[in-house]
Structures are given as C-alpha cells and as structure tokens.
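Commentary on secondary and tertiary structure
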Amino acid sequence: MNVIHVTFDTHAPDEWNTPVPVEVFDDAMRRVGEPHVFNLAHGGTIDVDRAGRYYVMATLPNGESVGASVDVAATGDSAAAAVLVPAESSPSESLAWAFTRQRLPREREVPRRQVPAAPGGFELGSDVFADFTDLGPVTLRPPVREQRSVGVPARGADIFEVPRRQVPAASGGSELGSEVFTDSTDLRQVTLRPPAREQKSAGVPAPGADIFEVPRGQVPAATGGSELGSEVFTEFTDLRPVTLRPPAREQRSVGVPEWDVDVLGMGDRREWWTLEPASDQTTWNADVQGADPRLLGQLTIARLPFVPVDPSELDHRSTRWYPLFIRYRARSRRGARLSTLVAVPAGQALGGSQRPDSVVLFVRADAVSSDAPPVQVMVSGARAQAETLLSYFEHGVLTAVHQLGARVVEESVALLERKLEDPFGAAIAGYVLLRTAARPQEQRVLQGWMRNLANWFPRIPDGAVIHGASLLRGEDVENDPARVAEARSYLLEAVARGIPTYTMGLRLLFDTLRSLAEKRQDDAELAAALARVRFVAAYADWTAQTTTLTYPYPPLPGGGIEIPG
Amino acid sequence: MRRCQASTQYFLLDACRDSPGELRAAAAEGSVGRPIIDPRGGPQRERNAPIYHAAAPEKPAFGPPNDKSFFARALLDCLNGMAARAGGDPSFFSIDHASLMLALPEHVDRLAEEHELELRCSTDGSDTQLLDLPQLHRARSPVDVLTTIFCRPREAHSVAQLSFTDADGNTTPRPAIGPKPWRVTLRSGKNTVAATFAREATFSEQRTEITVVPTPLFSVPVPVALRIPGGASAGGGAPG
C-alpha cells in the first residue's frame, strides 16, 4: 500500500481548521506530485508510486517548516505514518494561535559583554534588565575570554571553576569562596550559590536553588530603568541561570511593572483623531509567564454577545463593530518613555465556534534596540482563517495564500450575505483580494461586496480604504472622473473614521492618498487627509499585523492624534 | 527602474533600520521621506516584490570589520544553495523568492546567535501575486541545508547526546546538551543522525539514516523510545 498518512502534532486544537501545504520528496530528492493542502486537525493521505523512503514537509502559517522521514513498505496494508511535529510547540491550547499563526521571538541568551562592569564585581542588570519586561529567564554567560582567565568552564552553563583570589569580597555580604573555595581545585564540579544570608538580604528564595524573587523595593533604581542585580549579582559566581521574577505585589498592580496598559477607543470627532478611554471589559492574565518565559501577559477584551443583525438596522451594526487601541507605556533601554498604540478588532463576538474574545499577547521583543519598546504585541480578534491567511501572506507561503485566499474571500462574501458578520475578517479578505487578484474584472465582480463592507460598518476605516483603493484599479480609471471622485470620497471617509486596523490597510491608505494627491495638487482636503495619515505612518511598525504606532511620551504637540495623558 | 525590461530585478539596499526621533518627526511633517519611485495606488500589474530587511525595525544591521555584512553573507549563502528547494532534477536545486523568505531569516538568526548579536532579518511578502515562482538562481548539488534536529519526546531531547555522520563518514556531535533544538547545517544527501544517552537515562539509543532534502528549513525529529529494564524498548524506533 503506497500511501503516506500525514498528521500534525501541534497541540493546537483551536487551530484545527488551519490549512497547511504539504510536499513530499523521494529518496532521490525529487518532489513527488504537486503540494497538497491539509488541515491541522485531520491531516490527509498522499499516494506515492513505489515503496521507499520519503520526506514529508509542511509549512505552518508562522513560516516554520515541519517535516519527517517515512518508510513506505513494499508489502502490508497499513499506510506509512508521517507525524509532523514542530521543534517548538504551544504550551497550552489557549496560546496555540500565537505559536501556529504568528511567530514568537526566539529565546535568547544575553552575552556578557552587554553587561557593564560595576565596582567591586559584576553588575548584571543596568543594561540587560532595563525594565521588568526583561525579567524572563536568561542564561548569563561570562565571555570566553573571562572563562579562560578564571578557570575551565565545566560542563553545563551553570558550573564554573573560580580561583579564590579572583573572587572579590562582597560588600555587606558573604565572600563567596573564603571558606569553601580555598583554591581552584575545590571548585571543580560544584554549582556556586550565594550563601543563605545573602539570599535573605536580596529577597525571598523561591523553591529551587536558582530562582529568586527580588522585591522591587530592594532593587535600587538605575538610570533609565530598574537595576536588578547590584545586591544579588555582586560576583562572578552568580553567573548562573536564574529566573528573575517581579514580586507578586507588582504583578498585581498592572501585570507588568513599569507599564501602564490601557484600552482606548476612537472618539467621535471627525476633524481630528481623538482616542478616549474605552469601557470594554478586559481581563489581565499574568499566568502565561509560567507557560513560556517569553510571554509577559495576556489581555483579553470581552466581546458583546453575538446577535445576527437585521439588515434594516444599520445603526445596530455601527455600534457593534469597532477597533480599539491598546496603549502601553514602557521605557526603552536608553530610558526614554515610549507610548505604543496597537489596533485590536473589537465589538461583537463572532458566530459559530470561533473564539469569542479578542486577545492581546505581550511578549518580550527578540531584537530590542536602545530606542524601541522592549515589548512586542500579538493580536488575535478576527476570524482565525482570515488571520491565518494574513500570516501566510507575510511569510510568502504563496501556495497557501492562493488556496486559502479564495476560500476566505468566498466565505467573507457569504458571511455578509447571510448577515453573519465578520467585518474584520472581511477586511483581511479585501486586502488580500486587492493584492492577489490584480485583474480588475475579478475585483469588479466583488465591488458591491466591498461597498457594503465600507458602508455597513461606519466605525471601521478599513472597509472604506479597500473600496476606495479598489475603485482606482484598472487601466480605464483615468478616463472615468466619476469613479475617481467616488474613490476620493471613500478615502477621505476612511481618514475621517480613524486609523485603519491592519497595517496592510494603513500602507494602502497612505500609498493611495499619496498617489491621488500627486495628481490633484490643488485639492486641499486631500492634502490635509494625507498629512494626517503621514503623521501616523511615520511612527508605524510596518512588520506588525495590526496597526502599531510607537511615539515618544508625552506625545509630540500638534501631532495629529489627541491621546489622553 | 520601472522602465527596465528585465523580468527579474534585484534591488539591494543593505542598511540599518534605526531611525532617530528627529527623523521620524521630520517624516511625520512630510519634509523628508519622499519616495524615489512615484507612489502608486497598489500594484498595477502582477508581480512578486517581496522585501527582505537586513535588520529588525529600529535596529542596526551588523557586520564584521572589513568584511561583508552578516545579512549580505546570509543572502549569498542562501543564493548559493542554502535557500534551495528540491524539485525535479536532483542535480540542481532552485532558489526562488519564497524559499529565500523562509531560509534567509533563519540563517541570519543563526549568525546572530553565533556572534551574540541582536540581529534579525524580517521579511514582507505582502506584495506578491504570482503563484509561479521565478527562479532567482540554480545551485548545483550538493548544497548546504539549514537543519533542525530534535528528539521526540522532548524530555529525551534535553538529555540526548546528538550527532550526525555525513556521507564521508565524518561525525559531528552536538556541542552542548540542552533543551533547545539543535540548529546545524547539513550537506544534502545521505546522513545518519544518532541519539545516545547516559547509562542512567531511561531512553534507548537511536540511529536514523536520513536523506537531507534541500528545503529552506529541514526538520529532523528523532523518535526515541523509552528503555524498559531488561534491555527492551517501548515505542519509537521508526525513522524520524
């Protein structure tokens, strides 16, 4: 039986409907047939011509490849089983979306040379632990040069040989080594720990010898952030893996110390953008830190109960779908205060079995510059399939984009027709449609759908962006002033509504307005709209899925958006 | 450049991406940041125009003194075969923009880890419409393949001494035992991966012959069986 049965082991039941392109290669490294597309829940079977060894490979929406070799036997009735397992998988079902659809930063080790020396010892913290967001477990390693100078590093990152004479006395604490470590021969194969007295002085030792909770009050402030370490990490002998955790008190206050996280909504003033505190119900979950050290916390925004909408009640619609902006303020490594706004789909819950709430996951940024926020945010709030499509797009997995794109567009059209609305998923479908279906005829067929998306959800700018941009497509548009005028009015309407929810939309709005403004240089209204969009575009993170803007705090005066202090 | 008739065009701007606050403020006002190509309301013709960034947003791109940047090195390695994907003729493997999009960030990430740098290559594939992928380069077999080796179950991986043996019989052990998947570069073709354990461990030794297929990221799960007292094994043992 020349069949390979492909299944996935991704610990991702929430993601069961995720389509995944699968390829098979034979032992001579030739691809067998065309790529198949299976879903994560059920996998599928692939026929091969002959017995032998094959490599089965799939690409997940987050760009990760998973693969396995299988032997197809010449005899027997059972199919060869290829179980595709990612090297890293979600620690819990509720976080599966972040691991399957998006890409978490890598866990990283902090090189010693990023840690400045302190008088009387090594001061770990002023640079690396610039704020609490860096308080994930890190492995601190002395540089190779220093390892050589003080002895031979033993196996395992947490064991060092430290000659006694190189261990300075710690002020106000024990001198590590004076009793036990009288010479380097005594230091073989031991894990060096600070004595109990010093543990007490520095904080409450948690279960496990290498985990300390450092009370915030005992940590002296450093320029530009919290200085963790001057008490605890006075010596080289402390260069072991440790998990630094903020104390419970501060976890309770905002979830992430040194932050304030709040939820804002777009105000009603259409002349300029105003953000106001939103009243949506939110829940903060810091327990995700325990699931994966890169995760800092999860904010859940409750959605309104799902109610199918009567087509005649447009006002009903307008109040039930809207974007929110999560704002968090944190210090950059250099110590500057930054304010970041992240757009999140909100409003009514989706119908069917979709996740009812919007989820915002705060994670440690994997490449933190001195001037950037040390936090990265992942958002999930639209239909899972639409967000999957967006991820495939970002990672260039075109097989999946084309296969899934058609399905998502079709479903989005059908959902609107059946009054089972998902305007944010539809917006993603619209953006992808504009990107992938370059042929104007295809877009014209869906023009009515795009117009409905723009008109039925007046608090969502994205529909107006999509419809406005689509009207300008095609060779004949230059000769159709009415069409250009309609496009202009929808683009201005988009700007009046607010900031697009998706980064793809912000870029499309900016590019389209710029293009139109070049041709209509005496159009003051268009120029004013472009200026507003340009202001946010300059502060946008173009790699984020939903619109993400980082400003210095307090915001620059005269800056296009009015944000509460 | 839109007048250029070449169907495949590369634009290389290997640059840092950190932008001072003053520059952003100026861009916000519109006094800087004018595009060198006329803005368009989206693509007017079908094309694939992915972007590969030499650094993460707001980050500098790094390079060793008097040498090409890490990004440039990774790009060259990828074009020379590391981003190749197998297809028809096993003597040659194609590199296309989609395979580059998967392999290049991985290679840059490995270089960053090796050199202890905060360096990340981000990609933007949103301006891509064509399902047919034009070949950017063709690499002769064999090629280097970015590979990740890990044991199943994961508990076994943390204690396994992993090694691979190439077609010439050269064996390379994993430098350090630990929980992280072993990221290594293998030569395409036949290799053998072995997982051995300390005597007190409860897992059985596993040797698996594999064919390393040129793909942007090659994954090798090594199925490891639990050792039952008396020498027998339970489960696992199939090729990974």
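Residue indices begin from 1 for each chain and proceed along its sequence in written order. Chains and ligands are labelled sequentially in the order written, the chains with letters from A and the ligands with numbers from 1. The predicted nature of this model means local features are confined to residues of pLDDT at least 70 and side-chain atom pairs, given and counted, to a pLDDT of 80 or more, with totals for whole chains, interfaces and linings taken over all residues.

1. Points about the overall build of chain B
The secondary structure listing takes helices from DSSP runs of H or I that are at least 4 residues long and strands from runs of E that are at least 2 residues long, numbered from the N terminus. Within chain B one finds 4 helices and 13 strands. Counts of 20 or more other C-beta atoms within 10 Å of a residue's own C-beta define buried residues, counts of 12 or fewer define exposed ones, and intermediate counts define partly exposed ones; C-beta atoms are placed from the backbone. When burial is assessed residue by residue, chain B has 40% of its 240 residues classed as buried.

2. Quick look at the overall build of chain A
Across its full length, chain A carries 15 helices and 26 strands. Per-residue burial over chain A gives 49% buried out of 565 residues. Of the contacts made within chain A by residues no fewer than 6 positions apart, 64% connect residues no fewer than 24 positions apart. The contact criterion used here is simple: two residues whose C-beta atoms, placed from the backbone, lie within 7 Å are in contact.

3. Focus: the sheet that holds strand β4 (residues 44-47) of chain A
As a general point, the strands of a sheet are linked pairwise by backbone hydrogen bonds and lie either parallel or antiparallel. Residues and elements named next belong to chain A. Pairing within the open sheet is mixed, and its 3 strands lie in the order β4-β1-β7. Every interior strand has two partners, whereas the edge strands, β4 and β7 (80-84), have only one. Averaged over all neighbouring strand pairs, the angle between strand axes comes to 25°, with direction disregarded. In this structure, strand β1 (residues 3-8) lies alongside β4, joined through 4 bridges in antiparallel fashion. Bridged to Val-6 within β4 is Gly-44. At least two DSSP bridges between two strands are needed for those strands to be called paired. To get an axis, a line is fitted to the C-alpha atoms, and for a helix only the part in contact is used. The angle between two axes follows their N-to-C directions and goes from 0 to 180 degrees.

4. Considering the environment of Leu404(A)
Residue and element names in this part refer to chain A. Considering the arrangement of structural elements, one finds Leu-404 in helix α8 (residues 398-417). Each C-alpha atom of the pair Leu-404 and Tyr-392 lies 9.1 Å from the other, and the pair is 12 residues apart in sequence. Ignoring sequence-local partners within four residues, the contact set of Leu-404 consists of Pro-19, Gln-385, Thr-388, Leu-389 and Tyr-392.

5. Remarks on unusual backbone geometry
Omega for the peptide link from Ser141(B) to Pro142(B) comes to -5°, which places this bond in the cis form. Within the secondary structure, Pro142(B) sits in the loop between β4 (135-140) and β5 (144-152). Omega for the bond connecting Arg152(B) with Pro153(B) falls within 30 degrees of zero, at 0°, which places this linkage in the cis form. Inspection of the secondary structure puts Pro153(B) in the loop between β5 and α4 (154-159). Residue Met29(A) is not a glycine yet carries a positive backbone phi of 70°. Within the secondary structure, Met29(A) sits in the loop between β2 (19-26) and β3 (36-39). Taking the number of C-beta atoms within 10 Å as the measure of exposure, Met29(A) has 22 and is therefore buried. For Asn66(B), which is not glycine, the phi torsion reads 55° and is therefore positive. Considering the arrangement of structural elements, one finds Asn66(B) in the loop between β1 (51-52) and α2 (70-82). Using a count of 5 C-beta atoms within 10 Å as the deciding quantity, one classes Asn66(B) as exposed.

6. Some details on the pairing of strand β5 (residues 52-59) of chain A
Residues and elements named next belong to chain A. Along β5, 6 of the 8 residues are buried, which leaves the element largely enclosed by surrounding structure. Pairing geometry for β2 and β5, over 5 bridges, is antiparallel. From the neighbouring strand, Phe-25 faces β5, where its bridge partner is Tyr-55. Pairing geometry for β5 and strand β6 (residues 65-72), over 8 bridges, is antiparallel. Directly across from Met-57, in β6, lies its bridge partner Gly-67.

7. Quick notes on the nonpolar core
Across soluble globular proteins, nonpolar side chains have a tendency to be buried as a group. Of all hydrophobic cores here, the largest spans 179 residues; its most connected members are Ile4(A), Val56(A), Ile326(A), Leu389(A), Ile428(A) and Leu104(B). Broken down by element, this core gets its largest block of residues, 9 residues, from helix α9 (residues 423-436) of chain A. In contact with Leu389(A), not counting residues within four places along its chain, are Val401(A), Leu404(A), Gly405(A), Val408(A), Ile428(A) and Val432(A). Definition of nonpolar core: a set of buried Ala, Val, Leu, Ile, Met, Phe, Trp, Tyr and Cys residues joined via C-beta atoms within 7 Å.

8. Here we look at the sheet that holds strand β10 (residues 206-212) of chain B
Residues and elements named next belong to chain B. Pairing within the open sheet is antiparallel, and its 4 strands lie in the order β7-β6-β9-β10. Edge strands, defined here as strands with exactly one partner in the open sheet, are β7 (171-173) and β10. Across the sheet, the mean angle from the axis of one strand to that of its neighbour is 25°, orientation sign disregarded. Pairing of strand β6 (residues 161-165) with β7 involves 3 bridges; the strand directions are antiparallel. By the bridge assignment, Thr-165 is partnered in β7 with Thr-171.

9. A few points about the packing of α2(B) against helix α3 (residues 97-114) of chain B
Residues and elements named next belong to chain B. Interaxial distance between α2 and α3 falls to 9 Å at its minimum, and their mutual angle equals 130°. Considering their axes alone, α2 and α3 lie oblique with respect to each other. In terms of crossing hand, the pair formed by α2 and α3 is right-handed. Of the residues in α3, those in contact with Phe-70, Phe-71, Ala-74, Leu-75, Asp-77, Cys-78 and Met-82 of α2 are Leu-100, Ala-103, Leu-104, His-107, Val-108 and Leu-111. Put simply, Ala, Val, Leu, Ile, Met, Phe, Trp, Tyr, Cys and Pro go in the nonpolar bin, Asp, Glu, Lys and Arg in the charged bin, and everything else, Gly too, in the polar bin. Here the residues of the contact of α2 with α3 sort into 11 nonpolar, 1 polar and 1 charged. Oblique is the label for every angle not falling under 35 degrees (roughly parallel), over 145 degrees (roughly antiparallel), or within 65 to 115 degrees (roughly perpendicular). Less than a right angle of anticlockwise turn of the near helix away from the far helix marks a crossing as left-handed, whereas a clockwise turn marks it as right-handed.

10. Regarding the interface of chain B and chain A
Each side of the interface is counted separately: chain B has 59 residues, and chain A has 57 residues. Elements with a minimum of two residues in the side of chain B that touches chain A: α1 (21-29), α3, β3 (123-124), β5, β10 and β11 (218-223) of chain B. Split by residue class, the side of chain B that touches chain A holds 25 nonpolar, 19 polar and 15 charged.

11. Description of the confidence of the model for chain A
All names here are of chain A. For every residue, the predictor reports its confidence as pLDDT, a number between 0 and 100. Scored by pLDDT, chain A comes out at a mean of 70, with 63% of its residues at no less than 70. Least confident of the elements in chain A is helix α4 (residues 248-254), whose mean pLDDT is 27; most confident is helix α13 (residues 481-497), at 95. Contacts from residues 109-257, a stretch scored under 50 in pLDDT, to residues over four places away or in other chains number 238 contacts.

12. Topic: the pairing of strand β9 (residues 189-196) of chain B
Residue and element names in this part refer to chain B. Judged from the 5 bridges that link them, β6 and β9 form a sheet pairing that is antiparallel. The residue of β9 that forms the bridge with Thr-165 is Thr-192. As paired strands, β9 and β10 are joined by 7 bridges and run antiparallel to one another. In the strand pairing of β10, Ala-195 is matched with Gln-206.

13. So, the confidence of the model for chain B
All names here are of chain B. Looking at chain B, pLDDT values average 84 and 87% of them are 70 or higher. The model gives residues 236-240 a pLDDT under 50, and that stretch makes 18 contacts with residues more than four places away or in other chains. Both scores are available for the predicted complex, with the pTM at 0.76 and the ipTM at 0.86.

14. Focus on the environment of Ser19(B)
Residues and elements named next belong to chain B. Take Ser-19: it is sitting in the segment before α1. Sequence spacing of Ser-19 and Pro-57 is 38 residues, and the spatial spacing of their C-alpha atoms is 8.8 Å. If we ignore the near neighbours within four places in the chain, the residues touching Ser-19 are Arg-24 and Glu-58.

15. Overview of the packing of α13(A) against helix α14 (residues 503-519) of chain A
All names here are of chain A. Contact pair α13 / α14: the axes reach a minimum separation of 11 Å and the direction vectors enclose 135°. Comparing the axis directions of α13 and α14 gives the class oblique. By crossing handedness, the relation of α13 to α14 is classed as left-handed. Residue-level contacts link Arg-488, Leu-491 and Ala-494 of α13 to Leu-509, Thr-512, Leu-513 and Leu-516 of α14. Counted by class, the contact of α13 with α14 contains 5 nonpolar, 1 polar and 1 charged residues.

16. What to know about the environment of Tyr539(A)
All names here are of chain A. Mapping Tyr-539 onto the fold places it in the loop between α15 (524-537) and β25 (548-552). Classification of Tyr-539 as buried rests on a count of 25 C-beta atoms within 10 Å. Counting along the chain gives 10 residues from Tyr-539 to Leu-549, while the straight-line C-alpha distance between them is 5.2 Å.

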